[in-house]
Amino acid sequence: MDSKQFKEAATSAIDEIVSYYDTIHTRRVVSNVEPGYLKKLLPAGPPEDGEPWAKIQKDIESKIMPGLTHWQSPNFMAFFPASSSFPGMLGELYSAAFTAPSFNWICSPAITELETIVLDWLAKLLNLPDCYLSTSHGGGVIQGSASEAIVVAMVAARDKYLRETTSHLSGIELEDAIAYKRSKMVAVGSDASHSSTQKAAQIAGIRYRSIAVTKETNFALTGAALAKALDQFKAEGLEPFYLTTTLGTTSTCAVDDFESIASTLAKYAPPDVPGEIWVHVDAAYAGAALVCPEYHHLTAPFKHFHSFDMNMHKWLLTNFDASCLYVKKRKDLIDALSIMPSYLRNEFSESGLVTDYRDWQIPLGRRFRSLKIWFVLRTYGVKGLQAHIRKTIKLGETFAGLLETRKDLFEIVTGPSFALTVFTIVPKVPGSEAQDKVTKDVYETVNKRGEIYITSSVVGGVYVIRVVSANPLAEEKYIRKAFKILVETTEELRDGKLPRDQPSNGVIVDVKGVGIEKVAA
Ligand code: PLP
């Protein structure tokens, strides 16, 4: 493909992408292909002779689209969103064009320097304490995901703890002490922490323990629960060295009680004293809300903690991947992750005046991800980002308000919190088994029909449905449509009312009822 052919192909691709976005609401949101569908559609190997772009492009609609679940559809209300925006896509396009892995500063100074600058912009926007800025002892780095950020933080915490608690030893005594401590060290989260903390402990070869959280604290971890767990770990001879706290848990968007956690740790493992417990704030999704001043009060206790991570690619209009990890002391990361073989040596790295982001992450190579963040921050501006967050939070309130109008059908368990509402279906005959069954039936039927896509979870032993209204294309008419579908499906399954008309061609049609706008092809 020469540059002329590229221009034609790219123009045609952009046209198709724009049309995809303009009509995305008309597609069945969740794919219903059978496992292995694609193998049947593709040849056994690549073509012997190269094919023209027009022929390749045709296969997007015919072969790939049927197997896509449309995360950008306004009918996608599952998980948390994976946001996308046109400025974000332009950042991806330039990044692909430059393809200049910037593991060392000299590999592309602009890539390193833009990352430092935009992450400082973002830290200020999120109201993170100054200690997380690059102008202090900390700084930010873009990781691929919140899970990766947790692995990085945990490995840094592990090495820091071992270094600090064995600094008086050397030789075989040091080796023995490290081996013994590793067998006793424990990484801690809560029942509501994302599974990535447990996975990180598995990767780091460390024990993992979770602390139970309950409805009484709205499924948030508190200092009191942490104190009790720390006492228990001590009694068992374990050495806690790392804790994940969460701003916006996956199941319910609970916010851990950062103030009381900081107070507990001040007593049990005081900060800045060797052997302290590294506290990571996992704000993967809800951290985006910190762009709004009304949430800034949440960040004050972070000065007592060690790292913070927020995915711009979840709720902040930036294409996957853009997980923004901040550490209070960059030296902790570098001490754990730096390695200097001769082929990576250069005068700039040795001068100590530059940042080499390879020392802040697991891989060596890295993509130019700060470009899309820069484009997004500049295109929307602070006000645009705040408007997006506030609009989608309000849609969550609208949805919860609709549920409240049908207390005979729905019971809210938590929320609306950060655009997430968690609820159950009210069973015809009271009882927890009947409640779980009807909730599961409604959830599965709605997703099978594919007009909207929602997720379920189990919270405090109860089967629940989660609806998230934070998609970039979310609008009230789609929220109302989701409510209507939930009402009708519940009445059908629970009360034996006639089934709703179902779309036959993947196109979402209007359904009988008030307040629902027609959404057609
Ligand atoms: N932490 C929380 C609170 C999450 O909700 C999620 C995913 O939704 C993750 C971590 C993992 O995110 P990632 O896919 O970026 O690893």
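Residues numbered from 1 in each chain as written. Predicted model: local features only at pLDDT ≥ 70, side-chain atom pairs only at ≥ 80, totals over all residues. Heavy atoms only, no water.

### Here's the deal with the sheet that holds strand β10 (residues 455-459)
Paired through their backbone hydrogen bonds, the strands of a sheet run either parallel or antiparallel.
Here is step 1: Pairing within the open sheet is antiparallel, and its four strands lie in the order β8-β9-β11-β10. The open sheet is flanked by β8 (410-417) and β10, the only strands paired with a single partner. On average, each strand axis in the sheet is inclined to that of its neighbour by 30°, with strand direction left out of account.
Here is step 2: The pairing of strand β9 (residues 420-425) with strand β11 (residues 462-468) spans four bridges and is antiparallel. The residue bridging Thr421 from the neighbouring strand is Val467, located in β11.
Here is step 3: Strand contacts of helix α14 (residues 370-404): β8, β9 and β11, with the helix running at about 165° to β8, the strand carrying the most contacts. (Pairing = 2+ DSSP bridges. Helix = DSSP H or I, 4+ residues; strand = E, 2+ residues; numbered from the N terminus. Axes fitted to C-alpha atoms, helices over the stretch in contact; angles between N-to-C directions. Contact = heavy atoms within 4.5 Å.)

### Quick look at the sheet that holds strand β5 (residues 278-282)
Here is step 1: Taken in spatial order, the seven strands of this open sheet run β1-β7-β6-β5-β4-β2-β3, and their pairing is mixed. The sheet is open, and its two borders are formed by β1 (139-143) and β3 (207-211), each paired with just one other strand. This sheet shows a mean twist of 20° between the axes of neighbouring strands, independent of strand direction.
Here is step 2: Bridge count for strand β2 (residues 185-190) against β3 is five bridges, and the pairing is parallel.

### Let's talk about the nonpolar core
Here is step 1: Within the largest apolar cluster, 78 residues are counted, with the highest numbers of intra-cluster contacts made by Leu247, Tyr285, Phe308, Met312 and Trp315.
Here is step 2: At eight residues, the largest contribution of residues to this core is made by α14.
Here is step 3: Setting aside its immediate chain neighbours within four residues, Tyr285 contacts Phe80, Pro81, Cys253, Lys314, Trp315, Phe418, Ala419, Val468 and Ala470.
Here is step 4: Of all hydrophobic cores here, the second largest spans 28 residues; its members include Ala157, Ala187, Leu337 and Tyr357. (Core = buried A, V, L, I, M, F, W, Y, C linked by side-chain atoms within 4.5 Å. Buried < 20%, exposed > 50% of the residue type's maximum accessible area, 1.4 Å probe, protein only.)

### Regarding empty space enclosed by the protein
Here is step 1: Under the definition given, this model contains three cavities of 30 Å³ or more.
Here is step 2: Reported here for the largest cavity is a volume of approximately 70 Å³.
Here is step 3: If you trace the largest cavity, you find it lined by Ala262, Leu265, Ala266, Ala269, Pro271, Glu276, Ile277, Val279, His304, Phe305 and His306.
Here is step 4: The dominant element in the lining of the largest cavity, judged by the number of residues it contributes, is helix α10 (residues 258-268), at three residues.
Here is step 5: Of the residues belonging to the lining of the largest cavity, the class tally is eight nonpolar, two polar and one charged. (1 Å grid on protein atoms, 1.4 Å probe; cavity = no way out; pocket = protein on both sides within 12 Å on 5 of 7 lines; lining within 4 Å. Points joined across faces, edges and corners; volume = space filled by probe spheres on them. Nonpolar A, V, L, I, M, F, W, Y, C, P; charged D, E, K, R; others polar.)

### Quick notes on the environment of Gln143
Here is step 1: Structurally, the position occupied by Gln143 is in strand β1.
Here is step 2: Along the chain, Gln143 and Met310 lie 167 residues apart, while their C-alpha atoms are 9.9 Å from each other.
Here is step 3: Of the polar contacts made by the side chain of Gln143, one reaches the backbone oxygen of Trp360; its length is 2.9 Å. (Polar contact = N/O pair within 3.5 Å; in protein donor to acceptor, adjacent residues only side chain to side chain.)

### A look at the UniProt feature "modified residue: N6-(pyridoxal phosphate)lysine" (unreviewed entry) in the protein
Here is step 1: The feature "modified residue: N6-(pyridoxal phosphate)lysine" (unreviewed entry), as given by UniProt, occupies Lys314 in the numbering adopted here.
Here is step 2: Along the polypeptide, Lys314 turns up in helix α11 (residues 312-315).
Here is step 3: Those residues in contact with Lys314 that lie beyond four places of it in its chain are Phe80, Pro81, Ala82, Ser83, Ala284 and Tyr285. (UniProt positions renumbered as here; feature names shortened; annotations may be inferred.)

### Considerations on a nonpolar patch on the surface
Here is step 1: A contiguous nonpolar patch, built from Ile14, Ile17, Val18, Phe86, Leu90 and Leu93 and spanning about 510 Å² of accessible area, is present on the exposed surface.
Here is step 2: Within the residue set of the nonpolar patch, elements represented by two or more residues are α1 (3-23) and α4 (86-98).
Here is step 3: Tracing the chain through its elements places Phe86 in helix α4. (Patch = residues over 30% accessible without salt bridge, like charges linked within 9 Å, V, L, I, M, F, W, Y side chains within 5 Å. Areas by Shrake-Rupley, 256 points an atom, 1.4 Å probe, with all protein chains shown as cover. Salt bridge = Lys/Arg side-chain N within 4 Å of Asp/Glu carboxyl O.)

### Some points on the packing of aromatic side chains
Here is step 1: Applying the stated rule across the entire model yields 27 aromatic pairs.
Here is step 2: Both rings, one in Phe258 and one in Phe302, keep their centres 5.1 Å apart while their planes meet at 85°; by these two values the pair is edge-to-face. Residue Phe258 is found in helix α10, and its partner Phe302 is found in the loop between β5 and β6 (307-311); the two are separated by 44 residues along the sequence.
Here is step 3: Geometrically, the ring pair formed by Phe410 and Phe423 is edge-to-face, given 5.7 Å between the ring centres and 90° between the ring planes. One end of the pair, Phe410, is in strand β8; the other, Phe423, is in strand β9, and 13 residues separate them in sequence. (Phe/Tyr/Trp six-rings, centres within 6.5 Å; stacked < 30°, edge-to-face > 60°.)

### Let's talk about unusual backbone geometry
Here is step 1: With omega at 5°, the peptide bond leading from Phe320 into Asp321 counts as cis.
Here is step 2: Counting through the fold element by element, Asp321 comes out in the loop between α11 and β7 (323-327).
Here is step 3: In this model, Gly415 is joined to Pro416 through a cis peptide bond whose omega is 10°.
Here is step 4: Tracing the sequence through the fold places Pro416 in strand β8.
Here is step 5: Positive phi outside glycine occurs at Leu317, with the angle close to 65°.
Here is step 6: As for its placement among the helices and strands, Leu317 is situated in the loop between α11 and β7.
Here is step 7: Here Leu317 falls in the buried class, since its relative accessible area comes to 4%.

### Description of the packing of helix α15 (residues 432-449) against helix α16 (residues 476-495)
How two helices sit against one another is set out by the angle between their axes and by the gap between those axes.
Here is step 1: Look at α15 against α16: their axes get within 10 Å of each other, and the N-to-C directions meet at 125°. Classed by the angle they form, the pair α15 and α16 counts as oblique. Note that α15 runs across α16; the crossing there is right-handed. Seen from α15, the contacting residues are Val438, Asp441, Val442, Thr445, Val446 and Arg449; seen from α16, they are Ile485, Leu486, Thr489, Thr490, Glu492, Leu493 and Arg494.
Here is step 2: When grouped by side-chain class, the residues that make up the contact of α15 with α16 number six nonpolar, three polar and four charged. (Parallel < 35°, antiparallel > 145°, perpendicular 65-115°, else oblique. Left-handed = near helix turned anticlockwise from the far one by under 90°.)

### A few points about the site of the ligand
Here is step 1: Among the 13 residues in the neighbourhood of the ligand, the closest are listed as Ala146, Ser147, Thr250, Asp282 and Asn311.
Here is step 2: Within the side chain of Asp282, a nitrogen or oxygen atom sits 2.6 Å from a nitrogen atom of the ligand.
Here is step 3: Relative to its unbound accessible surface of 400 Å², the ligand loses 85% to contact with the protein.
Here is step 4: Among the secondary structure elements, those contributing two or more residues to the shell around the ligand are α6 (146-165) and α11.
Here is step 5: Its residues assigned to classes, the shell around the ligand comprises three nonpolar, eight polar and two charged. (Near = heavy atom within 4 Å.)

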